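Observations on chain architecture
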Amino acid sequence: MHIGFDDTDSTKKGCTTYIAALVVEKLKKMGASFIDYPNLIRLNPNVPWKTRGNGALCIRAKFNPNNEAKIKEVVINTVEEYADLEFRGTDPGIVFFTKAKIPREVAKFSKNAITGIVTLREALKLVKKFKAEALGFKKGRGIIGGLAAIGETFDDDFTYEILAYRIPENYGLKRRVREASIFEMDKATMPYTFNNVDMDKHRIIITPRGPDPILFGIRGETAEAVKKAFEIVKPLEPVERWVIFRTNQGTDAHLKKVEKLSQIRPYNPVIAKGIVSTNPKIIPRRHVFFSIKDESGKVECAAYEPTGALRKTAIKLVVGDHVEVYGGVRKPSGDIPLTINLEKIRLLKLAPKISYQNPMCPKCGRRLKSMGKGQGFRCEKCGSKYPNMKKVEVKIRRELKKGIYITSTRSQRHLTKPHQRYGMEKYGRTVEKLIEDWHFP
Ligand code: ZN
């Protein structure tokens, strides 16, 4: 059975992964055997009504059919107990899916939930069609994520994350982990873990902020790597439990290629090619804006201040550069046109950058002075005048090279594929066997 659930947490409390950890432990006690690590699926981060982090969960397990009713009850009770049901906008949902193989339509639904917008109606239609069971609390929006998590088959790529949880007494307090041990872990496990530290700012980024139960999370390429990394990190407060998840984090799964700029739609994260059509401007003082065009249309691109390295690249673009841009799409509002909020830029072809300078004096070699617009030039050294000379074109060396530029580590989204993962993709690979200890207790 595949058990999917979502939308149990709020900005104030809880975390859907924590409920997954509890369910795993309870199911194990009931004799279930797991056919995969629990899956943590990040859905489209550009959905305006998303939950925090927009992560949905799926547990895939086999058990004695006589236990089925009891297992469902345990899942429902755990969600009910740990979801923040009082919070407006938290609308948990659970889906029980009994077919062993994921139907293509459900996989497609999942892809759409990660790259675009899907509705509860579509989810319920599929639930009915495949005789699954869905249960919603309040508005039941979580059924969407629950089904989407079930439908993610990781055909393209996947990663792992080990999450360590705090004891409830510490919720809301400052997280205490020995920083030096995180730098040490990063060094020891590279390149098989990623996004542990932000090297630009020499800051650790494995500990979240906020009141949720997570103490820290380590992302990596294999279950063994994140487990090893976990053992190097020294927490300075009790770890209540931990679990390894298989995820679509760091895979760019949310981005979908469009052939033409005219196909770009709000809330659908894209990869789009175009030619820079306006030089970058800085508004207001820190964010960089420029536009790109192709034969079908034009779109605005924004590199916000927190994107750090990416913003520094964007500002060096010039009209005529060929680029491929990656990012979420904001719908137009007021004077602001349809805008891609950049996560990455691939520089495909650099246009020459030209500046116009005064010519040199043909007699003495000194750079000439202008005598006013359209009046020609004169030489300050030898006194010669040249009323008919024009400014000369000078090619300026570009500070950019072709290649991919990515937002700084600290502002990467859960789904953004970092530099380090290029070449590490696991196309079509599957999980044969789980490692021995992948959760505690
Ligand atoms: Zn001269």
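Note that the structure is predicted; figures quoted are calculated from it, not measured.

A short note on the overall build of the protein chain
- On a plain count of helices and strands, the protein chain comes out with eight helices and 26 strands.
- Taking the principal axes of its C-alpha atoms as reference, the protein chain extends roughly 100 × 50 × 40 Å.
- Sorting the 441 residues of the protein chain into buried and exposed places 52% on the buried side.
- Contacts in the protein chain between residues at least 24 apart in sequence constitute 72% of all its contacts with a sequence separation of at least 6.
- When the accessible surface of the protein chain is summed, it comes to about 21,900 Å², and 51% of that surface belongs to carbon and sulfur atoms.
- In the protein chain, 82 positive and 49 negative side-chain charges are present, and the distance between their average locations comes to 10 Å.

What about the coordination of the zinc ion?
- Those donors, C361 (SG), C364 (SG), C379 (SG) and C382 (SG), are the protein atoms that reach the zinc ion, and they lie 2.3 to 2.4 Å from it.
- Angles of 97 to 123 degrees at the metal separate the four donor atoms of the zinc ion, which places the site in the tetrahedral class.
- Here the donor residues for the zinc ion map to a single chain with the spacing C-x2-C-x14-C-x2-C.
- Here C379 falls in the buried class, since its relative accessible area comes to 2%.
- Looking at C382, the relative accessible area reads 38%, which means it is partly exposed.

Focus on the sheet that holds strand 22 (residues 377-378)
- Pairing in this open sheet of three strands is antiparallel, and the strands run 21-22-23 from one edge to the other. The open sheet has two edge strands, strand 21 (369-370) and strand 23 (385-386), and neither has a second partner.
- Summarising the sheet, strand 21 and strand 22 pair through two bridges and their orientation is antiparallel. Across the sheet, the residue bridging to K369 is R378, located in strand 22.

Thoughts on the pattern of salt bridges
- A complete count under the given rule lists 22 salt bridges for this structure.
- The salt bridge partner of E68 is K72, with a shortest N-O separation of 2.9 Å. Of this pair, E68 and K72 are both found in helix 2 (residues 68-82), four residues apart, which corresponds to roughly one turn of the helix.
- You can call E68 partly exposed: its relative accessible area is 25%.
- Look at K72 and you get buried, because its relative accessible area is 12%.
- Linking R398 and D321 is a salt bridge whose minimum nitrogen-to-oxygen distance equals 2.8 Å. Highlighted residues: R398 in the loop between strand 24 (392-396) and strand 25 (403-406) and D321 in the loop between helix 8 (309-314) and strand 18 (322-330), separated in sequence by 77 residues. Per residue, the accessibility class of R398 equals that of D321, and both read buried.

Looking at the domain arrangement of the protein chain
- Domains assigned within the protein chain are domain 1 (2-155), domain 2 (159-247) and domain 3 (255-412).
- The gap between the C-alpha centroids of domain 1 and domain 3 is 44 Å.
- In this complex, domain 1 contributes six residues to the contact, which on the side of domain 3 involves six residues.
- Here domain 1 and domain 3 share zero salt bridges between them.
- Our count for the contact surface shared by domain 1 and domain 3 stands at one residue pair in polar contact (both at pLDDT 80 or more).

Considerations on the pairing of strand 18
- Where burial is concerned, most of strand 18 is hidden: seven out of the nine residues are buried.
- Sheet topology places strand 14 (residues 270-276) next to strand 18; six bridges connect them, and they run antiparallel. Residue A272 lies in a different strand from strand 18, and its bridge partner there is V325.

Observations regarding the side chain of S181
- Considering the arrangement of structural elements, one finds S181 in helix 6 (residues 179-189).
- At 2.6 Å, the side chain of S181 and the backbone oxygen of R178 are in polar contact.

Quick notes on the rules
Residues numbered from 1 in each chain as written. Predicted model: local features only at pLDDT ≥ 70, side-chain atom pairs only at ≥ 80, totals over all residues. Heavy atoms only, no water. Helix = DSSP H or I, 4+ residues; strand = E, 2+ residues; numbered from the N terminus. Buried < 20%, exposed > 50% of the residue type's maximum accessible area, 1.4 Å probe, protein only. Contact = heavy atoms within 4.5 Å. Areas by Shrake-Rupley, 256 points an atom, 1.4 Å probe, with all protein chains shown as cover. Lys, Arg positive; Asp, Glu negative; His and termini not counted. Charge placed at Lys NZ, Arg CZ, Asp CG, Glu CD. Donors = N, O, S within 2.8 Å, 3.2 Å for Na, K, Ca; no water. Tetrahedral: all angles 85-135°; square planar, octahedral: opposite > 155°, others 65-115°. Pairing = 2+ DSSP bridges. Salt bridge = Lys/Arg side-chain N within 4 Å of Asp/Glu carboxyl O. Domains from an automatic or database assignment. Polar contact = N/O pair within 3.5 Å; in protein donor to acceptor, adjacent residues only side chain to side chain.

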